[in-house]
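# Residue-level structural notes
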Amino acid sequence: MVRRTSLNTFNELKSILYNAPCTASEVFHAGNFKTNQSGRFTELKLLGVIYEVRTRICSVTNRTAIEWDLTGKLPVKPKKKQ
């Protein structure tokens, strides 16, 4: 059985793929997500799936936001701090 959080992350990745580079709010808007789960972007960054491109004005919020893009890599578990 697939967890809901895993499904949400998969859908976020698909939204990024079709809209990248983009801000988190642009992904949520394009994917018509009802809740903002921008913490997932931090997780995806730690997994090596996305990276920060620059900051710019978001087309959804009209605020300065991080623009994200895909690295082209599959998720990799982050190394544990020692």
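Bear in mind that the values here come from a model prediction, so they are computed numbers and not experimental data.

Attention now moves to the overall build of the chain. Counting its secondary structure elements, the chain contains 3 helices and 2 strands. Listing each helix as α and each strand as β along the chain from the N terminus yields α-α-α-β-β. Accessible surface, the chain: about 6,300 Å² in total, of which carbon and sulfur atoms supply 54%.

Relative to strand β2 (residues 64-70), strand β1 (residues 50-57) is paired through 7 bridges, and the arrangement is antiparallel. Bridge assignment links E52 to a residue of β2, and that residue is W68. The turn joining β1 and β2, which pair antiparallel and follow one another in sequence, is formed by 6 residues; a positive phi near 60° is taken by N62.

Take the confidence of the model for the chain next. Confidence along the chain averages 82 in pLDDT terms, with 85% of residues attaining 70 or more. Ranking the elements of the chain by mean pLDDT puts helix α1 (residues 4-19) last, at 74, and β1 first, at 96.

The next subject is helix α3 (residues 39-46). Along α3, the residues that are buried comprise R40, F41 and L44. Projected onto a plane normal to the axis of α3, the buried residues spread over an arc of 100° and lie on a single side.

Rules of the game
- Residues numbered from 1 in each chain as written.
- Predicted model: local features only at pLDDT ≥ 70, side-chain atom pairs only at ≥ 80, totals over all residues.
- Heavy atoms only, no water.
- Helix = DSSP H or I, 4+ residues; strand = E, 2+ residues; numbered from the N terminus.
- Areas by Shrake-Rupley, 256 points an atom, 1.4 Å probe, with all protein chains shown as cover.
- Pairing = 2+ DSSP bridges.
- pLDDT = per-residue confidence, 0-100.
- Buried < 20%, exposed > 50% of the residue type's maximum accessible area, 1.4 Å probe, protein only.
- Arc of directions from axis to C-beta.

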